[in-house]
Amino acid sequence: MFSSLDSQRHAQRKRLMSAHFSKSNILASHALKANATEIVLNRLLTVLNTSFRAEQPFDIHELYKAATMDFVMAYLFGTSNGSNLLIDSKQRDRIFHSYALKKSASWVEHLPFSQAPAMRGVVLLLKGRAAMQAIEEIDQFCLDLCATSVHDFENNGDPASAPTVYQSLRAELLEGKR
């Protein structure tokens, strides 16, 4: 979810995140249980059922990656704000393609923030325009999820729609700036 060369900054972010991903919090999370119902019953089984009925092959590895992404994004941002890669195959293909290109240039993200803009030029020279565009697309995808989630803190009581982790982290980070 994050990386930092600065050990103090890394430790601070790790403390903020660790509570949300502890075994006890995950097992007690009503939102995660609701997310699992939505993702497994309404998305994954729909995709599998459709493929079986049409007698069409499917790539189980791609579905596994999509389900994983949907689970994580639903826990972070809520099912209505998170990804829907199991159902939306065009978005799934685009995101996974961009991620593969981004991964080849991921060392840039481990640089201090002040050096990152200059190093983007180096990525452009070494990895090409496609890698640079992939980094920008993934960044924008994540920023869009955050922006959508800010407006969806009121979820009408539906635990699956709650941006569980994002809401809490945002509040903690805003309070830390005061």
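Quick caveat: nothing in here was measured; it's all calculated off a predicted structure. (Residues numbered from 1 in each chain as written. Predicted model: local features only at pLDDT ≥ 70, side-chain atom pairs only at ≥ 80, totals over all residues. Heavy atoms only, no water.)

Trainee: Outline unusual backbone geometry, listing residues and values.
Mentor: Its identity is not glycine, yet glutamate 55 carries a phi of approximately 55°, on the positive side. Relative to the assigned elements, glutamate 55 resides in the loop between helix H3 (30–53) and helix H4 (60–77). For glutamate 55, a relative accessible area of 72% translates into the label exposed. (Helix = DSSP H or I, 4+ residues; strand = E, 2+ residues; numbered from the N terminus. Buried < 20%, exposed > 50% of the residue type's maximum accessible area, 1.4 Å probe, protein only.)

Trainee: Tell me about the packing of helix H5 (residues 89–103) against helix H7 (residues 129–150), residues and numbers included.
Mentor: In contact at an axis separation of 8 Å, H5 and H7 are set at 125° when each is read in the N-to-C sense. As the angle between them shows, H5 and H7 are arranged oblique. In terms of crossing hand, the pair formed by H5 and H7 is left-handed. Contact residues: Gln91, Arg94, Ile95, Ser98, Tyr99, Leu101 and Lys102 in H5; Ala130, Ala131, Ala134, Ile135, Glu137, Ile138, Asp139 and Phe141 in H7. Considering only residue class, the contact of H5 with H7 consists of nine nonpolar, two polar and four charged. (Axes fitted to C-alpha atoms, helices over the stretch in contact; angles between N-to-C directions. Parallel < 35°, antiparallel > 145°, perpendicular 65-115°, else oblique. Left-handed = near helix turned anticlockwise from the far one by under 90°. Contact = heavy atoms within 4.5 Å. Nonpolar A, V, L, I, M, F, W, Y, C, P; charged D, E, K, R; others polar.)

Trainee: Mind laying out the nonpolar core, listing which residues take part and the relevant values?
Mentor: Counting residues in hydrophobic clusters, the biggest one holds 25 residues, and the most contacted among them are Met69, Met73, Phe77, Leu85, Leu86, Ile95 and Phe141. For this core, the elements supplying multiple residues, two or more each, are helix H1 (7–18), H3, H4, H5, H7 and helix H8 (164–176). Among the elements that make up this core, the one with the highest residue count is H4 (nine residues). When near neighbours in sequence (up to four residues on either side) are disregarded, phenylalanine 77 contacts Gly82, Leu145, Cys146, Ser149, Ser161, Ala162, Pro163 and Tyr166. (Core = buried A, V, L, I, M, F, W, Y, C linked by side-chain atoms within 4.5 Å.)

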